[in-house]
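Coordinates in review
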Amino acid sequence: MLLALLALALIAFVLATLLALPRIQQWRAERAHRASREPVGPFDQLYDPGRERRAEQRARELLRSCVNEEEWGMYRDLGFIRVAGRHARREVDHASRAAYAYLVYPHKPIVAYVPQSGQLLSEYCVEFPDLTGNGGRHRLPASDDVLAKWMALTSDEDRVIRRANMHLIGRQLDPARVRRDLWRLAEWERRRGDRQRVPQSHQ
Amino acid sequence: MKFLRMKPGHGEVLLAEGDPSVQEDEERLVEEFRRQLDEGMWAAVPVTNSGSGRREAQMVKEFADIPPESERVIFFPRASGG
């Protein structure tokens, strides 16, 4: 009896397989055809290893065409730009150096500091996300991020600072690294000053 | 005058180009300007400060605010707290 049941089950399985086989083959063919036609995701369709590099190169050229020669040299050599603060605490500050300034890094917080003493004041966390939809990318190239910060600070400092999240120094940036950057900036300016003086001394 | 827009993965993209003194071009530029601001972009014009001689940007909120001698307007996403 048991043997007969097993034989029946085996026959039923073989028949079911024979009936289902054409449908399985059709499903596999359709799946292979779909896979060859449709991308798995937006990045698979658009993946281009040189794309981000080319975007950054274009962004650097745009930045270079907007800022002055000193600021471009600063970014090229040091990786950040200094932007002078527009507000003065005293009348005398209007005539002399800026009372405070910002260090603008790509994709990092803006750092406010006092140029005369080197005292670090605060970090302003701000970003410029493009939410209009572009294959899942929201982040601008590094040099575009710097240019966006530069344009925002030099045109409407109050607005960008209001929108930023202010933190004490050390939240995202290492204070020691920022101080080292200020030292590098001072050295860079000293060397630049020396280079500019050399041609004059030869005349 | 050129309208450029910063785009992730692209760098700047040319949106429109034209001579604002030509009516047809101006209408096209105004339309594009409004579209970009409607999409949440900020618009800025790189200028040279007449007093200090330093390079800086001027934010523009209306097409009429664009300095007439400007060669380009740069659109970029508005700032938000990071």
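This is a predicted model, so every value here is computed, not measured.

Turning our eyes to something else, we now look at the overall build of chain A. A count of helices and strands for chain A gives seven helices and five strands. Along chain A, helices (α) and strands (β) appear in the sequence α-α-α-α-β-α-β-β-β-α-β-α when read from the amino end. A sequence separation of at least 24 residues applies to 54% of the contacts in chain A between residues at least 6 apart.

This part is about the overall build of chain B. If you tally the helices and strands in chain B, you get one helix and six strands. When the elements of chain B are put in sequence order from the N terminus, they spell out β-β-α-β-β-β-β. In terms of overall size, chain B behaves like a compact globule, its C-alpha atoms giving a radius of gyration of 13 Å where 82 residues would be expected to give roughly 12 Å. Seen along its three principal axes, the alpha-carbon backbone of chain B occupies a region of about 40 × 35 × 20 Å. Considering chain B as a whole, with its 82 residues, one finds that 30% of them fall into the buried category. Expressed as a percentage of contacts within chain B between residues at least 6 apart in sequence, the contacts between residues at least 24 apart total 41%.

For the rest of this paragraph, the subject is the confidence of the model for chain B. Predicted confidence across chain B gives a mean pLDDT of 93, with 100% of residues reaching 70 or more. The complex model carries a pTM of 0.78, and its ipTM stands at 0.94.

All names here are of chain B. Across the sheet, five strands lie side by side as S2-S1-S5-S3-S4; this open sheet has mixed pairing. Lying at the two open borders of the sheet, with one neighbouring strand each, are strand S2 (11-17) and strand S4 (55-60). For this sheet the average axis-to-axis angle between neighbouring strands, irrespective of direction, equals 35°. By the bridge criterion, six bridges tie strand S3 (residues 41-48) to S4 in an arrangement that is antiparallel.

Bringing the environment of Leu147(A) into the picture now. All names here are of chain A. With respect to the helices and strands, leucine 147 occurs in helix H6 (residues 142-163). Taking the C-alpha atoms as reference points, leucine 147 and arginine 60, 87 residues apart in sequence, are found 8.9 Å from one another. Discounting residues that sit within four places of it in the chain, leucine 147 has contacts with Leu62, Leu63 and Cys66.

What follows covers the pairing of S2(B). Residue and element names in this part refer to chain B. When strand S1 (residues 2-7) meets S2, the two strands line up antiparallel, connected through six bridges. The residue of S2 that forms the bridge with lysine 7 is glycine 11. Connecting S1 to the antiparallel partner S2 that follows it, the hairpin turn spans three residues, and glycine 9 within it adopts a positive phi of roughly 80°.

Right, let's talk about the environment of Ala112(A) for a bit. All names here are of chain A. Note that alanine 112 resides in strand S3 (residues 110-113). Overall, the presence of 20 C-beta atoms within 10 Å leaves alanine 112 in the buried class. Look past the residues within four positions of alanine 112 in its chain and what remains in contact with it is Tyr100, Tyr102, Leu121, Ser122 and Tyr124.

This brings us to the interface of chain A and chain B. Counting residues at the interface gives 34 residues for chain A, matched by 23 residues for chain B. Every element with two or more residues in the side of chain A that touches chain B is listed here: helix H3 (51-66), strand S4 (120-127) and H6 of chain A. When residues of the side of chain A that touches chain B are assigned to their parent elements, the largest contribution, nine residues, is made by H6(A). Here the side of chain A that touches chain B is composed, by residue class, of 17 nonpolar, seven polar and ten charged. Pairing of S4(A) with strand S6 (residues 80-81) of chain B, which is carried by two bridges, proceeds in the antiparallel orientation. Across the sheet, Glu127(A) pairs through a bridge with Ser80(B), a residue of S6(B).

Let us now look at the confidence of the model for chain A. For chain A, the average pLDDT comes to 84, and 80% of its residues sit at 70 or higher. Predicted confidence is poor over residues 36-41 of chain A, with pLDDT under 50, and the contacts of this stretch with residues over four places away or in other chains come to two contacts.

Residues and elements named next belong to chain A. Running from N to C, H3 and H6 point in directions that differ by 30°, and their axes come no closer than 7 Å. Taken together, the axes of H3 and H6 are roughly parallel relative to one another. Every residue of H6 that contacts H3 at Glu56, Ala59, Arg60, Leu62, Leu63 and Cys66 is listed here: Ala142, Ser143, Asp144, Val146 and Leu147. Looking at the contact of H3 with H6, its residues break down into seven nonpolar, one polar and three charged.

Right, let's talk about the nonpolar core for a bit. With 53 residues, the main nonpolar core has Ile81(A), Tyr102(A), Val104(A), Trp150(A), Met151(A) and Phe76(B) as its most contacted residues. Examining the composition of this core, we find that ten residues originate from one element, H6(A), more than from any other. Beyond its immediate stretch of four places on either side in the chain, Val104(A) contacts Phe80(A), Ile81(A), Val83(A), Ile110(A), Val146(A), Lys149(A) and Trp150(A).

It is worth spelling out the pairing of S4(A) at this point. All names here are of chain A. Note: S3 against S4, four bridges, orientation antiparallel. Looking at S4, one finds that isoleucine 110 is bridged to tyrosine 124. What sits between S3 and S4 in their antiparallel hairpin is a turn of six residues, with glycine 118 showing a positive phi close to 80°.

Thresholds applied
Residues numbered from 1 in each chain as written. Chains lettered and ligands numbered in written order. Predicted model: local features only at pLDDT ≥ 70, side-chain atom pairs only at ≥ 80, totals over all residues. Helix = DSSP H or I, 4+ residues; strand = E, 2+ residues; numbered from the N terminus. Contact = placed C-beta atoms within 7 Å. Rg over C-alpha atoms; globule rule 2.2 N^0.38 Å. Buried ≥ 20, exposed ≤ 12 C-beta atoms within 10 Å, placed from the backbone. pLDDT = per-residue confidence, 0-100. Pairing = 2+ DSSP bridges. Axes fitted to C-alpha atoms, helices over the stretch in contact; angles between N-to-C directions. Nonpolar A, V, L, I, M, F, W, Y, C, P; charged D, E, K, R; others polar. Parallel < 35°, antiparallel > 145°, perpendicular 65-115°, else oblique. Core = buried A, V, L, I, M, F, W, Y, C linked by C-beta atoms within 7 Å.

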